[in-house]
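Each chain is listed here by its residues.
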Amino acid sequence: MPEPSHPPSTQPLVVAFDLGTTALKAVLFHGRAERHRLQFPYPLYAEQPGQATQRLPDLMQAFTLALSGMEEYLTRHDLTPQAAAFSNAMHSLTLIRPGGPSDVYTFADLRAGTGGHPVTHLHAQTGVPWHPMTPAVKLAALHAAGQLTDVARVSGVKEELLLRFFGVYWTDQSTASATGLLGRGGTYDPQALAQAGVTAAHLPTVHPIEAPLPPLRPPYRDRYPRLAAAHWAIGASDGVTATEGLGITRPDQAALSVGTSSAVRTFTPRPAADPHAHLFSYRADQGGQERYLVGGPSNNAGIVLNWLRDNLNIPQDLDDLLHATTPGARGLLCLPALSGERAPLWDPHVSGSLLGLGLHHTRVDIARAGMEGVALHLAWLSDLLASGTQPLREYRATGGLTRSRAWLRVLANALNAPVLVPDGADLFEGSAFGAALIAARSAGLDLPHTLTFDAVEPDADAPLYATLGRKYRHAVLALQTLTHELRAL
């Protein structure tokens, strides 16, 4: 067998493993270029209202398949990667008992009650809104119900994977921060632990996102020799990796994710000024320097478009729909909270509304208003982010909705700022590339960030969207309690 070799180029060869909510992706990068991609889906179980769980063996099997598939590719092409790291979905929770692990609670599992606490509860200490998606809230509800008495470990997907394959019970700082259990100072917060009914001994030790991992355990080291030869880093949560993947390095830049759901995020050297807990501030130091991922997620983006397509018989092409309708949807305003809402309300029970409906409106007007509502909500989050950090001057967007240039124009008008879209933004594996950047940094390699962007500028309709944005925010706050009452009927 010939000796493993690196590509002749000086660009490093780096592998990223992206542990998503519905699938694991393994991506091999040669410099900035994606050379090979594998994907392994796993089931999401939702048999009960509010349930969204997975099974840990399914995720372990997916990682084993990813290792095998990537090793086979590397062997076939006589390649050896120099570095590897992880990106992982935030807020996963599994309880390890003597009899085995519980199901994995994902961020989308909303069955936990908040115990009557407001969204601001513990936010000053942890930077995390008190919301059922958060492991701290789930643990507090389980503790109140007496269901934690025999728990040996309080863990997550990546943490159990690292224990099995690398022999360490570790978590990275950004993932720990997103649990709601980590204090601003970088250690577990005593009040959050007491509320959750756990101790630091139940939890993984916290390490910087660039921390090198020990070697793969045998027999994995022997089974995957090319991957085992790489420098492995622990990596970070997908919020961090997606933001790094877009090259966000300054607090006046923001990353926009516009896929099934949406989010706006940036990095800051200090937590956001946010007494109302509108946003999260997750700690994610870089190179030993204090740093925070600050932002807000929304439940609603592409999921709204899918609902409109399924129920209103609208044109499948979003550009066609928007070009055939009038900005402002002829006086129609849609609050598109079809699946509750996270930032800035953090309210799983709020629902959508349609305002201004008249006999002259058609289904395409309704559809346009729905997609304008998605953009107006992102603009609201952007303004909250800017008010808590500093003015934002640059937005970089990825996700499926970037396929529609007409909708990007709506978004640019709502933001009143250009939206920069990287080449292939709808297919760009931003989280995986962000993990690759962290892996390269940890290994002392130079992985250049060479994305090229196309700018979508606001136009003469921007003042209209400024007016709509003010009315949208007023309507959301005014109707929040009413939507609760309607859902209870």
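Residues numbered from 1 in each chain as written. Predicted model: local features only at pLDDT ≥ 70, side-chain atom pairs only at ≥ 80, totals over all residues. Heavy atoms only, no water.

Draft legend 1. Fine view of the pairing of strand E16 (residues 280-283). Side-chain alternation along E16 places Phe280 and Tyr282 on one buried face and Ser281 and Arg283 on a second face that is also buried. Pairing between E16 and strand E17 (residues 292-298): four bridges, direction antiparallel. Counterpart to Tyr282 in the pairing with E17 is Leu293. (Buried < 20%, exposed > 50% of the residue type's maximum accessible area, 1.4 Å probe, protein only. Helix = DSSP H or I, 4+ residues; strand = E, 2+ residues; numbered from the N terminus. Pairing = 2+ DSSP bridges.)

Draft legend 2. Spatial organisation of the environment of Gly399. You can see Gly399 is positioned in the loop between strand E20 (394-398) and helix H13 (405-415). Separated by 22 residues in the primary sequence, Gly399 and Val421 place their C-alpha atoms 9.6 Å from one another.

Draft legend 3. Structural context of the packing of aromatic side chains. For the coordinates displayed, the defined rule picks out 13 aromatic pairs. Judged by centre distance (5.6 Å) and plane angle (10 degrees), the ring pair of Phe17 and Trp232 falls under stacked. Remark: Trp232 occurs in strand E12 (residues 231-232) and Phe17 occurs in strand E1 (residues 13-19); sequence separation between them is 215 residues. Relative to Phe165, the ring of Phe63 has its centre 4.9 Å away and its plane inclined at 85 degrees; by these criteria the two rings are edge-to-face. Residue Phe63 is located in helix H1 (residues 56-76), and its partner Phe165 is located in helix H4 (residues 157-166); the two are separated by 102 residues in the primary sequence. Exposure class is identical for Phe63 and Phe165. Each is buried. These aromatic residues form a ring-pair network of at least three members: Phe17, Phe63, Phe86, Phe165, Phe166, Tyr220 and Trp232. Positioned over the ring face of Phe433 is Arg32, at 5.2 Å from the centre of the ring. (Phe/Tyr/Trp six-rings, centres within 6.5 Å; stacked < 30°, edge-to-face > 60°. Lys NZ or Arg CZ within 6 Å of the ring centre and 35° of its normal.)

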